[in-house]
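As a plain string of letters, each chain reads:
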Amino acid sequence: MLTKSQAKIFFLAGTIIFSVLFLGLSYDTHVNKHDEQTNADKITPEVVAGKHLWEANNCMGCHTIFGEGAYYAPELTKVIERRGAPYVKGVLMSPTPWGEYTSGRKMVAYGFSEKEANELIAYFEWIGKVDLNGFPAKPKYEIKKTK
Amino acid sequence: MKYTTQKVAYWFFLSALGLLALQIIYGFIMGFAHMGMDVLHDFIPFNTARAVHTNLLVCWLLLGFMGSAYYIIPEESQNELYSPKLAYIQLISFLAVGVTAIIAYHFNWWEGRKFLEIPRPLDYLVVVNVLAFLFNILMTLFKGKRQTTTALVLTMGLLFSALLYLPGMIWFDSQTLDSFYRWYVVHLWVEGVWELIMGGILAFLLIKITGVDREVIEKWLYVIVGLTFLSGILGTGHHFYYIGAPSYWLWIGGIFSALEPLAFLAMALFALNMYRKGEKKHPNKTALNWTLGAAITSFVGAGLLGAAHTLPNVNLYTHGTLVTAMHGHMAFWGAYAMIVLAIIAYAMPNITGRKLFNNGISQYAFWLSNIGMIGMTVAFGVAGVAQVYLERILGVDFMETQKEIEPHFLVLVLCASGFTAGVTLYIINFFKFGKPTDEALVAAS
């Protein structure tokens, strides 16, 4: 029968072993794999400025990026590929809440300047080219809207 | 034995319940917005409501954990709290920081990183606050007459929670690394060290309520927290599948997160077995309900519903959909909200001297809130699965999909109303106890 001290050893040894493994794999991810998989050399000052804007306005509070965020507004990982840069720029610079008359959901009218909109687009363009192990998956079927 | 400084816990519990009530209000704002009724958009846009909703959750749970520690540690270490004054200062400053952050979210001041939205200057204040709390708890333990496993596990959970907050404060230019280390905080909190806190509180309650020998309960506590870390640490990998991290995380995250329900299953079996074994018939059935309820609901919400979409080939389609909201709601409720409500239900008669153990209100509070939460989970689940099939499998546009699943949010709001009624009754019952008194604690000792 398991004793309390054996249970304690199980807890301590397990925690230490798996923590060390986790830290080792984290090191490998960060130092050895990250730059190649994410095209880190393409993270320009403009991309970084876009990331600052992304966070300063809590875009993740409605949208998702890499599938992370809220589930209220569209996934934006491949937004440039899906919509094209001019469309996205129009949304970002819109002086009125986007979507108000079409979907019932409104985006805050941030009214970004052209420079800011370009920075966010640079950020989305970099995001869209990161190797995400197959995410987002292509839909399995194609359907047509009938009404 | 009871200690008069345990009454500090009351003010933490009171504050926690206040923030819970506010959290629910912001939940309703989001529920209505999902139904297409985003009427408060100009004042409280969705991203504000969401940041407030999730941050209030974290804040009230942390206050609940701190209150639990202030109640449990003196009793376990057989020593008065090191500094009640520091505890009050720490509570007031915590609330001040929390309220400032929540107001800030309404004025577009935040960090915009899921769950860690709190603006950076306030982050530092949180760190100072938590250090003050830990100092108080560690000094109480250090000067105490005994160091029990229960107290040790609870304190380790709190200490590691503080340490793990730090990786989330580092800036990365890369969204991938930003996300990677954000999960160090979020995942290793909720599927790691917070389970130590939950386990510590659960063990304390089981010792008190069932009367089973401490040695037996604490032995199994070690096994459970061992299982938690064995699966939960590498289980963090399920957050690394699709953020630009290497593909070996698909294997590692998949295997270890599939094992994560084992810890919750062990916890549920442990609680039920101790209850069966216990010869003591404690009069506080309300606390017993919440304690066993937490163990069982956390297994369903965090264990089963988490496992339902954790494998990479399933998660490829469910990642970033309402399926996550389904799992998230019941997991937080079962694992953390219910255990905090359990310790409050146990502590209140002891610190106020009013033996209101099992009245109608407390029974309705338990059942209404739980049935409401089950309904909400089902509504999120149906909406999430429908979203996955329409948007991810069939390729329907995101907004069109959302329009199709709006009716499920009506069901969500109706179930949330039942849940709110239950929580309201719990809060009414809390006030029925009145304030804590030294006489009650001295008499109890």
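Residues numbered from 1 in each chain as written. Chains lettered and ligands numbered in written order. Predicted model: local features only at pLDDT ≥ 70, side-chain atom pairs only at ≥ 80, totals over all residues. Heavy atoms only, no water.

Draft legend 1. Up close: the environment of A:Gly69. Along the chain, A:Gly69 falls in strand β2 (residues 68-69). On a C-alpha basis, the gap between A:Gly69 and A:Trp126 in space is 18 Å, while along the polypeptide they are 57 residues apart. Excluding residues that lie within four positions of it along the chain, A:Gly69 makes contacts with A:Met60, A:His63, A:Thr64, B:Arg50 and B:Lys114. (Helix = DSSP H or I, 4+ residues; strand = E, 2+ residues; numbered from the N terminus. Contact = heavy atoms within 4.5 Å.)

Draft legend 2. Looking closely at the interface of chain A and chain B. Facing 71 residues of chain A, the contacting portion of chain B comprises 83 residues. Interface area for chain A against chain B, summed over the two sides, is near 6800 Å², with a carbon-plus-sulfur share of 64%. Contact with chain B buries area across many residues of chain A, yet A:Lys4, A:Phe22 and A:Tyr71 alone supply 13% of it, more than any other trio. In this structure, A:Lys4 engages B:Glu215 in a salt bridge whose closest nitrogen and oxygen atoms are separated by 3.4 Å. (Buried area = accessible area lost by both parts, 1.4 Å probe. Salt bridge = Lys/Arg side-chain N within 4 Å of Asp/Glu carboxyl O.)

Draft legend 3. Region of interest: the state of the cysteines. Residue and element names in this part refer to chain A. Throughout the structure, instances matching the rule amount to 0 disulfides over all chains. Cys59 forms no disulfide, and the closest cysteine sulfur to it belongs to Cys62, at a distance of 8.6 Å. Judged by relative accessible area, Cys59 falls into the buried class, the value being 13%. (Disulfide = S-S within 2.5 Å. Buried < 20%, exposed > 50% of the residue type's maximum accessible area, 1.4 Å probe, protein only.)

Draft legend 4. Structural view of the domain arrangement of chain B. All names here are of chain B. Its domain assignment divides chain B into domain 1 (1-145) and domain 2 (148-282). The distance between the C-alpha centroids of domain 1 and domain 2 comes to 20 Å. The interface is formed by 27 residues belonging to domain 1 together with 25 residues belonging to domain 2. Across the interface of domain 1 and domain 2, roughly 2300 Å² is buried in total on both sides, 75% from carbon and sulfur atoms. Counting the surface domain 1 buries against domain 2, the share from its top three residues, Phe65, Glu76 and Arg113, is 28%. Inspection of the region where domain 1 meets domain 2 yields 3 salt bridges. Glu75 is paired through a salt bridge with Lys208; the nearest N and O atoms lie 2.9 Å apart. Seen at the junction of domain 1 and domain 2, the total is 8 residue pairs in polar contact (both at pLDDT 80 or more). (Domains from an automatic or database assignment. Polar contact = N/O pair within 3.5 Å; in protein donor to acceptor, adjacent residues only side chain to side chain.)

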